[in-house]
Amino acid sequence: MTDSDFAARTVLVTGATTGIGHETARQLAERGATVLVHGRTAGEAQAATDRIAACARVDPARLCACAADFARLEEVEHLAQRILREHPHLDVLVNNAAMAAPERHTITADGNEIAFQVNFLAHYLLTNLLAPALTSDPGGRVVNVSSSLHRTASIQWSDPHRARRYSRLAAYAQSQLALTVFAADPRVAAVSVHPGICETGLLHLYGIRGASAAEGAAHVVRLCDPASEIVNGAYYDRDRRVEPAPAAMEDRNVKRLNKLADLLVGQTA
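Given the structure is predicted, the values throughout are model-derived calculations rather than measurements.

Rules used throughout
- Residues numbered from 1 in each chain as written.
- Predicted model: local features only at pLDDT ≥ 70, side-chain atom pairs only at ≥ 80, totals over all residues.
- Heavy atoms only, no water.
- Helix = DSSP H or I, 4+ residues; strand = E, 2+ residues; numbered from the N terminus.
- Contact = heavy atoms within 4.5 Å.
- Salt bridge = Lys/Arg side-chain N within 4 Å of Asp/Glu carboxyl O.
- Expected span 1.5 Å × (residues − 1).
- Disulfide = S-S within 2.5 Å.
- Buried < 20%, exposed > 50% of the residue type's maximum accessible area, 1.4 Å probe, protein only.
- Pairing = 2+ DSSP bridges.
- Axes fitted to C-alpha atoms, helices over the stretch in contact; angles between N-to-C directions.

A.B. asks: Looking at this model, I keep getting lost on the side chain of N258. Mind explaining?
C.D. replies: Along the chain, N258 turns up in helix α7 (residues 251-265). Residues contacting N258, with those up to four places away along its chain left out, are Y124, F182, D185 and R187.

A.B. asks: I keep staring at the pattern of salt bridges and nothing clicks. Help me out?
C.D. replies: Pairing between side chains of opposite charge can happen when the charged atoms of each approach one another. Within this structure, the stated rule accounts for 10 salt bridges. Residues R26 and E23 are paired through a salt bridge, measuring 2.5 Å at the closest nitrogen-oxygen approach. Here the residue R26 and the residue E23 both occupy positions in helix α1 (residues 19-30), the gap between them amounting to three residues, near one helical turn. One salt-bridge network, held together by shared partners, links E23, R26, E30 and R57.

A.B. asks: I'm lost on helix α2 (residues 42-53) in this one. Help?
C.D. replies: One turn of the α-helix equals 3.6 residues, which is why residues spaced by three or four share an orientation. Across its 12 residues, α2 extends 16 Å between first and last C-alpha, which sits within 8% of the 16 Å expected from 1.5 Å per residue. Contact partners of the buried residues in α2: α1, β2 (34-39) and β3 (63-67).

A.B. asks: Which parts of the structure should I look at to understand the side chain of H150?
C.D. replies: Tracing the sequence through the fold places H150 in the loop between β5 (141-145) and α5 (168-182). Not counting residues within four places of it along the chain, the set of residues in contact with H150 comprises A173, Q176, L177, T180, Y235, P244 and A245.

A.B. asks: Can you help me understand the environment of I230 in this one?
C.D. replies: Mapped onto the elements, I230 comes out in the loop between α6 (213-224) and β7 (235-237). Separated by 89 residues in sequence, I230 and R141 have C-alpha atoms that sit 8.7 Å apart. Those residues in contact with I230 that lie beyond four places of it in its chain are R141, A189, A190, V191 and Y236.

A.B. asks: How do you make sense of the state of the cysteines when you look at a structure like this?
C.D. replies: Put plainly, a disulfide is one covalent bond tying together the sulfur atoms of two cysteines. Applying the stated criterion to the full structure yields zero disulfides. No disulfide involves C55; its sulfur sits 17 Å from that of C224, the nearest cysteine. C66 takes part in no disulfide bond, and the closest cysteine sulfur, belonging to C64, lies 5.9 Å away.

A.B. asks: Whenever I open this one, α6 confuses me. Can you help?
C.D. replies: Between the first and last C-alpha of α6 there are 17 Å, a value that for 12 residues agrees with the 16 Å anticipated at 1.5 Å per step. Turning to α6, its buried residues number three or more, namely A213, G216, A217, H219, V220, V221, L223 and C224. Tucked into the core, α6 has its buried residues touching α1, β4 (92-95), β5, β6 (190-194) and β7.

A.B. asks: Quick question: what am I supposed to make of the sheet that holds β5 here?
C.D. replies: Strand-to-strand pairing in sheets goes through backbone hydrogen bonds, with the strands running parallel or antiparallel. Judged by pairing direction, the sheet is mixed, and its eight strands sit side by side in the order β3-β2-β1-β4-β5-β6-β7-β8 without closing on themselves. Sheet topology places β3 and β8 (240-242) at the edges, where each strand pairs with a single neighbour. Put simply, the sheet's adjacent strands are angled 25 degrees from each other on average, direction ignored. Where β2 and β3 come together, five bridges link them in parallel fashion. Paired with V37 across the strands is A65, a residue of β3.

A.B. asks: What is the right way to read the environment of P244 from this model?
C.D. replies: Its place among the elements puts P244 in the loop between β8 and α7. A sequence separation of 166 residues divides P244 from H78, and the C-alpha atoms of the two residues are 33 Å apart. Non-local contacts of P244, meaning those with residues more than four positions away in its chain, are made with H150, R151, T180, Y235 and M249.

A.B. asks: It is not clear to me how unusual backbone geometry should be interpreted in this structure. Could you clarify?
C.D. replies: Most peptide bonds take the trans form, and the phi angle of most residues other than glycine is negative. Residues other than glycine seldom take positive phi values, yet R162 does so here, at roughly 55 degrees. With respect to the helices, strands and loops of the structure, R162 is situated in the loop between β5 and α5. For R162, a relative accessible area of 7% translates into the label buried.

Pasting the structure below:
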């Protein structure tokens, strides 16, 4: 059983090996989309793809495993190059991959605080590199999977890596605020969504029980649907459009974040 709105669409889902990302990829595949299933390693991506392919309603020929460790920006670049080569027409990019910031302050080989890089900078770089493939056709879009915790955050402009004062919760929240601000970038048609508090590897950050990953994924899939009209920069709490944190609504923050991110990922403005 396929969905005619999805049958001709190609969607890349980052962090699709577990949790909401995996359920999002599965639900999109069941609706007939061609799904690029991203994982940190080739083995993890292939195993996730095989699990989705085993579903009765999925055409395995419409699945493609792809890998990149977002803690290494060089691998993000290689992933983008492969997608541009093999899938030059990309309808939707779901920026979902995320990690909880570790207990100890951790810097990647690229020199960035690890949660800020994995949760935001890698997606910023990937989105910009995939711009030639991201279609301008009606329904083409980027969906950033954010968190309600972005409301508790501030971006430490002079110390984004939080070298002076590190808290794992503050580091995670900062990465989610950055992702939410990035949705308002005028260069792309994008929205951000808090899919609800779900039973995933990030649940311990909230300290309460959550809904199923499938329920959270359904809110992401709805925003991937070309029948769902979007307003650039809009923020959704599950299925409701609501105002994000005030910091995510300021034009100067979008410009300031782009300048910072370009610097940290080594892109020229």
